Amino acid sequence: MKWIRVICFGLSVLFCLQLSGVSYATHDFAVQASKFISEQEQSNKLKIMFLQVGQGDATLLVLPNQKTVLIDGGPHEAGEVIMNKLIEKGIKRLDLVVSTHPDMDHIGGLIPIIQQVPVAMVLDSGKPYGTLTYHMYVRSVKKRRIPFIPAEEGKFLQMDPDVSIQVLNTGKRKLQNNESSIVLKIRYKKADFLLMADADVRTEKKIIQTYPVHADVLKIGHHGSYTSTGRLLLENVYPQFAVISYEKGNPYGHPHRSVMKRIRKFGIQVYTTADGDVEMETDGNSLQIQGGLPLPLLR
Ligand SMILES: [Zn+2]
């Protein structure tokens, strides 16, 4: 009989391991995150964090009502990095995940996040792509039965009554991936943020013609590539601050010299994720960057 018990034990261990392929980490995540969540309180601040994820993009928002939004997840390997940051910050669920467009440097890291972190819904550009990464991303959303919502241009995302989040651009089947980028305008009282994802100059022109684009902080399009951030955009957005997400020594030469030159010409103060996260916080009237003194919003 002893050998039967040994086999039964072995089988149950195997069964547990099988089940825990994904959920092992999920459990870990829940336990660690719960230590911090009780410290969170309602605040009158909007936090926006541009995360260091290598060559890619990931932006985390914590709204005044404590709802959380993750916009892109960087490349595959960034998923783990972001999850550790969520735990550090006491974030145990994401109320919204935005996948701006289907390029690997934006959705790669979202796959493990969607598999392991409780996510309330996924907002997608609506642009499909024939890669394994895209397939795995869609599959992980379906597997966890997370509502998968296509973004609609001009629509506002109702996440916090005090914060307006508007979709200024989204994807269409025949567009290129970058042109399909979900562009978001976030407004909290007097503070405006414009997040360009990888939108190109053509998309910039279209947005300028349709929407008021002024923002205090501009998240520069396409990691500072020369295909984005035209003079016209800078003239219309007229930001005080800019953030560029890229990895030092990347093979694409991001950010491009011509873009940096243009940004400097406009007297914009630039922050990059090349050396670490860029964290901003606003009460809607002033802006604190990297925990510094509150700066007045000038324009
Ligand atoms: Zn990109």
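Residues numbered from 1 in each chain as written. Predicted model: local features only at pLDDT ≥ 70, side-chain atom pairs only at ≥ 80, totals over all residues.

Per an unreviewed UniProt entry, the protein chain goes by the name ComEC/Rec2 family competence protein and belongs to Ectobacillus funiculus.

Colleague: Is there a simple way to explain the overall build of the protein chain in this structure?
Modeller: Helices and strands together make up the secondary structure of the protein chain, namely 8 helices and 15 strands. A burial count over the protein chain gives 44% of its 299 residues as buried. Partitioning the contacts of the protein chain with sequence separation of at least 6, the portion at a separation of at least 24 is 67%. (Helix = DSSP H or I, 4+ residues; strand = E, 2+ residues; numbered from the N terminus. Buried ≥ 20, exposed ≤ 12 C-beta atoms within 10 Å, placed from the backbone. Contact = placed C-beta atoms within 7 Å.)

Colleague: Before we go on, may I ask you to explain the environment of Gly74 in this structure?
Modeller: Turning to its location among the elements, Gly74 is positioned in the loop between strand E3 (68-71) and helix H2 (78-88). Expressed as a C-alpha distance, the spacing of Gly74 and Gln52, which sit 22 residues apart in the sequence, is 8.7 Å. Other than its neighbours up to four places away in sequence, Gly74 contacts Val53, Gly54, Gly56, Asp57, Ala58, Ile82, Asp105, Gly108 and Gly109.

Colleague: Sorry if this is basic, but what is going on with the sheet that holds strand E14 (residues 286-289) here?
Modeller: Through backbone hydrogen bonds, the strands of a sheet pair up, either in parallel or in antiparallel fashion. Strands sit in the order E6-E5-E4-E3-E2-E1-E13-E14-E15 across an open sheet of 9 strands; the sheet is mixed. Among the strands making up the open sheet, the edge pair consists of strand E6 (148-150) and strand E15 (295-296). (Pairing = 2+ DSSP bridges.)

Colleague: Before we go on, may I ask you to explain the nonpolar core in this structure?
Modeller: Across soluble globular proteins, nonpolar side chains have a tendency to be buried as a group. Judged by nonpolar contacts, the single largest core of 72 residues is most densely connected at Ile82, Val97, Val183, Leu184, Leu194, Leu195 and Val243. It is H2 that provides the largest number of residues to this core, a total of 5 residues. Once residues within four sequence positions are removed from consideration, Ile82 is found in contact with Leu51, Val53, Ala58, Gly73, Gly74, Gly109 and Ile113. (Core = buried A, V, L, I, M, F, W, Y, C linked by C-beta atoms within 7 Å.)

Colleague: Would you explain the pairing of strand E13 (residues 278-282) in this entry?
Modeller: Along a regular strand, successive side chains alternate from one face of the sheet to the other. Counting buried positions along E13 yields 4 of 5 residues, so the element is predominantly enclosed. Summarising the sheet, strand E1 (residues 46-50) and E13 pair through 5 bridges and their orientation is antiparallel. Its bridge partner lying in E13, Lys47 is registered against Glu281. Linkage of E13 to E14, two consecutive antiparallel strands, is achieved through a turn of 3 residues, within which Gly284 is found at a positive phi near 95°.

Colleague: Is there a simple way to explain unusual backbone geometry in this structure?
Modeller: Across the chain, the bulk of peptide bonds are trans and the bulk of non-glycine residues have phi less than zero. Look at the link from His254 to Pro255: it is a cis peptide, with omega at -5°. Mapped onto the secondary structure, Pro255 falls in the loop between strand E11 (241-244) and helix H8 (257-265). Within the chain, Lys189 stands out as a residue other than glycine whose phi angle is a positive 50°. For Lys189, the position within the fold is in the loop between strand E8 (183-188) and strand E9 (191-195). Of note, the phi angle at His223 is positive, near 60°, even though the residue is not glycine. As for its placement among the helices and strands, His223 is situated in the loop between strand E10 (217-219) and helix H7 (231-237).

Colleague: Would you take a moment to explain the sheet that holds E9 for this structure?
Modeller: If you trace the 6 strands from one edge of the open sheet to the other, you get E7-E8-E9-E10-E11-E12, paired in mixed fashion. Taken across any chain shown, the strands that pair with only one partner, and hence form the sheet edges, are strand E7 (163-169) and strand E12 (269-272). Between one strand and the next, the sheet's axes are offset by a mean angle of 20°, whatever the strand orientation. Taken together, the 4 bridges between E11 and E12 define a ladder with parallel strand orientation. Within the sheet, the bridge partner assigned to Phe241 lies in E12 and is Gln269. (Axes fitted to C-alpha atoms, helices over the stretch in contact; angles between N-to-C directions.)

Colleague: How should I be thinking about the environment of Val81 in this particular structure?
Modeller: Of note, Val81 is situated in helix H2. Take Val81: there are 17 C-beta atoms within 10 Å of it, and that puts it in the partly exposed class. C-alpha separation for the pair Val81 and Leu51, spaced 30 residues apart in sequence, amounts to 9.4 Å.

Colleague: I'm lost on helix H6 (residues 201-210) in this one. Help?
Modeller: Three- or four-residue spacings in an α-helix give side chains the same orientation, since the helix completes a turn every 3.6 residues. For H6, the full list of buried residues reads Thr203, Glu204 and Ile207. Axial view of H6: buried residues confined to an arc of 105°, hence all on one face. Of the surrounding secondary structure, the elements contacted by the buried residues of H6 are E7, E8 and H7. (Arc of directions from axis to C-beta.)

Colleague: Would you explain the confidence of the model for the protein chain in this entry?
Modeller: Parts of the prediction with low pLDDT should not have their coordinates interpreted in detail. Averaged over every residue, the pLDDT of the protein chain is 89; the share at 70 or more is 85%. A low-confidence stretch, residues 30-40 (pLDDT under 50), is modelled with 14 contacts involving residues beyond four sequence positions or located in other chains. (pLDDT = per-residue confidence, 0-100.)

Colleague: Teacher, can you tell me more about the pairing of E1 here?
Modeller: Side-chain alternation along E1 places Leu46, Ile48 and Phe50 on a buried face and Lys47 and Met49 on a face that remains uncovered. Bridge count for E1 against strand E2 (residues 59-62) is 4 bridges, and the pairing is antiparallel. If you follow Ile48 over to E2, its bridge partner there is Leu61.

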